[in-house]
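Results of the structural survey
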Amino acid sequence: MPILVVGSVAFDALQTPFGKVDRCIGGSATYFSVAASFFTEVALVAVVGDDFSEADASIFEGRNIDVSGLQRIPGEKTFFWSGEYGYDLNVAKTRDTQLNVFANFKPELSDSQRNADVLFLANIQPELQLDVLHQQEKRPRIVALDTMNLWIDIKRDALERVFREVDLIIINEAEVRQFTKEANLIKGARSILALGPQTLVIKRGEYGVLMVTKDAVFAAPAYPLENVFDPTGAGDTFAGGFLGYLGSRSELTDRELRRAIIFGSVLASFTVEKFSLDRLREITLRDVYERYQDFRTLTHFDDHEA
Ligand code: AMP
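This section reports on the structure supplied with the text. (Residues numbered from 1 in each chain as written. Predicted model: local features only at pLDDT ≥ 70, side-chain atom pairs only at ≥ 80, totals over all residues. Heavy atoms only, no water.)

1. So, the site of the ligand
As a matter of local geometry, the ligand sits amid 19 residues, with S8, D12, G27, G233 and D236 nearest to it. Interatomic distance of 2.8 Å between a side-chain N/O atom of S8 and a nitrogen atom of the ligand. One nitrogen or oxygen atom from the main chain of G235 is found 3.1 Å from an oxygen atom belonging to the ligand. Notes on the ligand: free accessible area 510 Å², of which the protein chains cover 89%. Elements with a contribution of two residues or more to the shell around the ligand: β2 (10-16), β6 (79-85), α4 (149-154) and α8 (234-247). (Near = heavy atom within 4 Å. Polar contact = N/O pair within 3.5 Å; in protein donor to acceptor, adjacent residues only side chain to side chain. Areas by Shrake-Rupley, 256 points an atom, 1.4 Å probe, with all protein chains shown as cover. Helix = DSSP H or I, 4+ residues; strand = E, 2+ residues; numbered from the N terminus.)

2. A closer look at the pairing of strand β13 (residues 217-220)
Every second residue of β13 is oriented toward a common face, the buried set being F218 and A220 and the non-buried set V217 and A219. Taking the residues between adjacent antiparallel strands as the criterion, strand β12 (residues 209-213) and β13 are bridged by three residues. (Buried < 20%, exposed > 50% of the residue type's maximum accessible area, 1.4 Å probe, protein only. Pairing = 2+ DSSP bridges.)

3. A few points about helix α9 (residues 254-271)
With 18 residues, α9 should reach 26 Å at 1.5 Å per residue; the first-to-last C-alpha distance of 26 Å fits that figure. Where burial is concerned, most of α9 is hidden: 14 out of the 18 residues are buried. (Expected span 1.5 Å × (residues − 1).)

4. Here we look at the packing of aromatic side chains
One pass over the full model with this rule turns up 14 aromatic pairs. Both rings, one in F229 and one in F275, keep their centres 4.8 Å apart while their planes meet at 75°; by these two values the pair is edge-to-face. Linking F229 in the loop between β13 and α8 with F275 in the loop between α9 and α10 (278-282), this pair joins segments that are 46 residues apart in sequence. What makes F275 buried here is its relative accessible area of 12%. (Phe/Tyr/Trp six-rings, centres within 6.5 Å; stacked < 30°, edge-to-face > 60°.)

5. Structural notes on the packing of helix α3 (residues 126-134) against helix α5 (residues 156-165)
Relative to each other, α3 and α5 sit at 35°, their axes nearing to 8 Å. The handedness of the crossing between α3 and α5 is left-handed. Touching P126, E127, Q129, L130, L133 and H134 of α3 are A158, L159, R161, V162 and E165, all from α5. A breakdown of the residues in the contact of α3 with α5 according to their chemical character gives six nonpolar, two polar and three charged. (Axes fitted to C-alpha atoms, helices over the stretch in contact; angles between N-to-C directions. Left-handed = near helix turned anticlockwise from the far one by under 90°. Contact = heavy atoms within 4.5 Å. Nonpolar A, V, L, I, M, F, W, Y, C, P; charged D, E, K, R; others polar.)

Right, here's the structure in full:
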């Protein structure tokens, strides 16, 4: 089982300065699995209600995504999130969160799901993240997690327990500050790494990504798009590109981690061009490779002359 992801599959209502949609497919595990499936096989563990139609589920079809772990609960409703952005697209304002089917979700993993090579605990209640981690038969090669301000606010202790058990944390800069109460990001990163993880990847929206390990710091810009339409899902898509690439490689060197950061950034740059997963649906691996090369050009500079 290459990559196992647990997280939300959702309906979102979104408002950005450029448009509005009352109901579209979203969810942390949805963006993650579609992005990761460009590189490797993904198995999804999540739950939806019977309002999630076959047409909605078609987002996972024709890709390397095993949906046998996607449960459908009759008579219940799918997770719902409503979010809004002002002109600063780095800040999402939550208008409403309805856990619905996730409120009592306790998945029983199958044998193959208990043997993940890479496990991604996408944004969802920390107790559910821990439960899926503890059902693994042996320690996966990589265990990574994402979360959000809501869980730092209301489930801090449970979240800190998960932080202590993972190798890699992928969160945004406001969450680093909120969790550590530290204004300086590098200091904040050090205090998160002190809990146990080897790598912290800090998502900084339009300013790119900062990766901090015990020995190194790597910074990548975001792709300079002229038309950013809707930032929803950028973080989960980033994580999908990042871990999907790593999942397809045998080594976890600094070199591979840096490539993975760029692949994550490339995938995320597509997501924000349209609402929901509309842009991700259109692209091919060739588009991904082309934009990866654009990133190389964007960030290349020569050594100075003495
Ligand atoms: P992001 O990549 O951070 O923009 O994540 C956006 C996705 O997160 C949306 O599609 C939402 O459905 C999902 N989401 C929002 N709030 C939560 C939550 N509390 N738990 C799980 N997923 C959420």
